[in-house]
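Coordinates in review
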Amino acid sequence: GNLDSYTYNGYQYTRTDAGWSVKIDEGYIGFNYGPKELEDIKLPSFNLPSKIYVAYDPDDKDQNIDFIIQKLNNILLYKNIRPVAACIKESKSCPNIPVVNCSSGDKVIAIYNGDKAEVTVDNNCLNIKGSTLELNRITDKLAMHWLGLL
């Protein structure tokens, strides 16, 4: 049936106009997807430092990537982690922000447009790749994981 709420791992999820809402601590956090819809996404182990680069391919950036970056930043800030915008490669399209790669010492979340949904770790990079829809699902899953909901 079309349930308006359910409990998952001890947390109560309630359907909203925007997706799902869950009560954590004193407030509510909103997700586009509920955890049951994200069970197919497997997350590799990746530890979050106190500062992380949220990087994108400057030749492949669109409004959707902007939305995903914003979504990641919100969760990281909630966790008291400082997100720093960066490009994953040199390009004329890269604004005046750092260019990072996966073999430097800094931790990076790298966002790519792609056909197939993938979440992989490459040295110090957590690579997330997928269509608009898939990137949104992956980001929700990461958020739930980082917030200790899963």
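Residues numbered from 1 in each chain as written. Predicted model: local features only at pLDDT ≥ 70, side-chain atom pairs only at ≥ 80, totals over all residues. Heavy atoms only, no water.

**A look at the sheet that holds strand β2 (residues 11-16)**
This is how the line gets drawn: Strand pairing is defined by DSSP finding a minimum of two bridges between the two strands. Strands are runs of DSSP state E lasting at least two residues, helices are runs of H or I lasting at least four, and both sets are numbered from the N terminus onward. A fitted line through C-alpha atoms represents every axis, and for helices the fit uses only the stretch in contact; the resulting angles, taken between N-to-C directions, go from 0 to 180 degrees.
Judged by pairing direction, the sheet is antiparallel, and its 4 strands sit side by side in the order β1-β2-β3-β4 without closing on themselves. Since the sheet does not close on itself, it has two edges, and those belong to β1 (5-8) and β4 (27-31), each with one partner. The average undirected angle you get between the axes of adjacent strands in this sheet is 30 degrees. Bridge count for β1 against β2 is 4 bridges, and the pairing is antiparallel. Each residue of the ladder has a partner; that of Thr-7, found in β2, is Gln-12.

**Section: the side chain of Asn-136**
Inclusion rule: Exposure classes here rest on a 1.4 Å probe applied to the protein chains alone. A residue is buried below 20% of its type maximum, exposed above 50%, and partly exposed in between. Here a polar contact is recorded for every N or O atom pair within 3.5 Å, except that within protein the pair must consist of a potential hydrogen donor and a potential acceptor, and residues adjacent in sequence are included only if both atoms are side-chain atoms. What makes two residues a contact is simply this: any of their non-hydrogen atoms within 4.5 Å.
Mapping Asn-136 onto the fold places it in helix α2 (residues 132-146). For Asn-136, a relative accessible area of 13% gives the class buried. Here the side chain of Asn-136 touches Asn-32 through a polar contact of 3.4 Å, side chain to side chain. Filtering out sequence-adjacent residues up to four positions away, Asn-136 remains in contact with Asn-32, Tyr-33, Phe-67, Ile-68 and Lys-71.

**A word on the pairing of strand β6 (residues 82-87)**
For clarity, the threshold we go by: When the strands point away from the viewer, a crossover counts as right-handed if the route from the first strand across the helix to the second turns clockwise.
Bridge count for strand β5 (residues 51-56) against β6 is 6 bridges, and the pairing is parallel. Each residue of the ladder has a partner; that of Lys-51, found in β6, is Arg-82. In this fold, β5 hands off to helix α1 (residues 63-78), which returns the chain to β6; that crossover is right-handed.

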